[in-house]
Amino acid sequence: MSSSTSELDGVQKAAILLITLGPEKAAGIFKHLKEDEIEQLTLEIANTRSVTPAEKEQVLNEFYEVCLAQQYIAEGGIGYAKDLLQKALGEDRAKEVLGKLTASLQVRPFEFIRKTEASQILNFIQDEHPQTIALILSYLSPAQAAGIISTLTPDKQTDVAKRIALMDRTSPDVIKEVENILEQKLASLVNQDYTIVGGIDSIVEVLNTVDRGTEKHIMENLEIEEPELADEIRKKMFVFEDILMLDDRSIQRVLREVENSELAVALKGANEEVQNVIFNNMSTRLSAMIKEDMEYMGPVRMKDVEEAQQKIVNIIRKLEDSAEIVISRGGGDEIVV
């Protein structure tokens, strides 16, 4: 890169890139930026009087190289990106591009196993100390973590869940050490600030994703071992029995999404209070029909009841996410007037 371009700062290069891409593409990019970033770039573009063809080409090349590096990191991690960039750009240029990128981009630890099947990850970590398992699961997606935690032994499930919930800050040295055990070839570049990971929200996401049986087992054990912690987790969770927290309008909205056959199975294992609140929010005819279905279906496996209840819980969570219903979790901030 020429001296004139190498002396430009990031904002100036971004402005040149947007000028080069043209107004239509620049407008599309602006949609993904924060207000202060848009203001900063707009001012820089306004103050940029002229850009030479050479400057445009060099900024575009640098942008392409950074995009390439990000793509390689997403596909296989830092080590993979480094190997491919060295082949494409040469060792010095690859090192320079990765250095610029990782200075502004915090690469998430354990990225190399986030694309791996839960069953395969379990083979890596099932014999590790529960604290190590908790650390790894905290960095995975809730779906991955749920798949792993549900296949651990029952005593280890509760221990790991408790450790995730109580986890606060983890030294980057510890993260590096664990990463190196799992992936020796990964050239990990982790931000040297302490990484906040785990906590109540983390375990709630996991427990909201695991099967109902695993969720119940973990919560029942936590209530015995750590009652205050269990109470704090439960406040942020939603289980089938918590349908009692919904108002009548919300229950009626949920019931519109639920199949009658599924509801009959779910209610087969529900307590009388839950059954009553649901029956009170449907027509007398429908209520009688579902009660009749429940009576004639005979004994039902607990697994089937839990699966049916979980499907309804998933509908409730989906409707809450889209703000179609409001779940009151004991605080005053959910009250709508």
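**What to know about the overall build of the chain**
Working step 1: Counting its regular elements, the chain contains 19 helices and two strands.
Working step 2: By the burial criterion, 40% of the 337 residues in the chain qualify as buried.
Working step 3: Contacts in the chain between residues far apart in sequence, at least 24 positions, make up 73% of those at least 6 positions apart.
Working step 4: On the chain, roughly 19200 Å² of surface is accessible, and the fraction owed to carbon and sulfur atoms is 49%.

**Observations regarding the packing of aromatic side chains**
Working step 1: Enumeration over the complete set of coordinates arrives at zero aromatic pairs.
Working step 2: Sitting over the face of the ring of Phe-279, Lys-291 holds its NZ or CZ atom 4.8 Å from the ring centroid.

**Points about the environment of Arg-256**
Working step 1: Relative to the assigned elements, Arg-256 resides in the loop between helix 15 (248–255) and helix 16 (260–268).
Working step 2: Look at Arg-256 and you get exposed, because its relative accessible area is 61%.
Working step 3: Placed 26 residues apart in sequence, Arg-256 and Met-282 show a C-alpha to C-alpha distance of 9.8 Å.

**Description of the side chain of Asn-281**
Working step 1: Along the chain, Asn-281 falls in the loop between helix 17 (272–279) and helix 18 (284–296).
Working step 2: Here Gln-252 takes part through its side chain, which lies 2.9 Å from a polar atom of the side chain of Asn-281.
Working step 3: Other than its neighbours up to four places away in sequence, Asn-281 contacts Asp-248, Ile-251, Gln-252 and Leu-255.

**Quick notes on the side chain of Arg-253**
Working step 1: Note that Arg-253 resides in helix 15.
Working step 2: Beyond its immediate sequence surroundings of up to four residues, Arg-253 is in contact with Leu-319, Glu-324 and Ile-325.

**Quick look at the environment of Phe-30**
Working step 1: Looking at the element boundaries, Phe-30 is found in helix 3 (residues 23–30).
Working step 2: Along the primary structure Phe-30 and Leu-41 are separated by eleven residues, whereas in three dimensions their C-alpha atoms are 9.3 Å apart.
Working step 3: If we skip the residues at most four places from it in the chain, Phe-30 touches Leu-18, Ile-38, Leu-41, Thr-42 and Ile-45.

**A closer look at the nonpolar core**
Working step 1: Residues Leu-137, Ile-149, Val-160, Ile-203, Leu-207 and Ile-233 are the most contacted members of the largest nonpolar core, which totals 34 residues.
Working step 2: Elements that contribute at least two residues to this core include exactly helix 7 (118–125), helix 8 (130–139), helix 9 (142–149), helix 10 (154–166), helix 12 (200–207), helix 13 (212–225) and helix 14 (227–236).
Working step 3: For this core, the element with the most residues is helix 8, which contributes six residues.
Working step 4: Leave out the neighbours within four places in its chain, and Ile-203 touches Ala-161, Ile-164, Ala-165 and Ile-233.

**Looking at the confidence of the model for the chain**
Working step 1: For the chain, the mean per-residue pLDDT works out to 75, and 76% of the residues sit at or above 70.
Working step 2: Element-level mean pLDDT values for the chain span from 46 in strand 2 (residues 195–196) up to 92 in helix 17.
Working step 3: Long-range and interchain partners of residues 184–196, a stretch whose pLDDT sits below 50, account for 35 contacts in this model, where long-range means more than four residues apart.

**Looking at the pattern of salt bridges**
Working step 1: A complete count under the given rule lists seven salt bridges for this structure.
Working step 2: With a shortest N-O distance of 3.0 Å, Asp-159 and Arg-163 are connected by a salt bridge. Here Asp-159 and its partner Arg-163 are both found in helix 10, four residues apart, which amounts to about one turn of the helix.
Working step 3: Judged by relative accessible area, which is 25%, Arg-163 ranks as partly exposed.

Analysis parameters
- Residues numbered from 1 in each chain as written.
- Predicted model: local features only at pLDDT ≥ 70, side-chain atom pairs only at ≥ 80, totals over all residues.
- Heavy atoms only, no water.
- Helix = DSSP H or I, 4+ residues; strand = E, 2+ residues; numbered from the N terminus.
- Buried < 20%, exposed > 50% of the residue type's maximum accessible area, 1.4 Å probe, protein only.
- Contact = heavy atoms within 4.5 Å.
- Areas by Shrake-Rupley, 256 points an atom, 1.4 Å probe, with all protein chains shown as cover.
- Phe/Tyr/Trp six-rings, centres within 6.5 Å; stacked < 30°, edge-to-face > 60°.
- Lys NZ or Arg CZ within 6 Å of the ring centre and 35° of its normal.
- Polar contact = N/O pair within 3.5 Å; in protein donor to acceptor, adjacent residues only side chain to side chain.
- Core = buried A, V, L, I, M, F, W, Y, C linked by side-chain atoms within 4.5 Å.
- pLDDT = per-residue confidence, 0-100.
- Salt bridge = Lys/Arg side-chain N within 4 Å of Asp/Glu carboxyl O.

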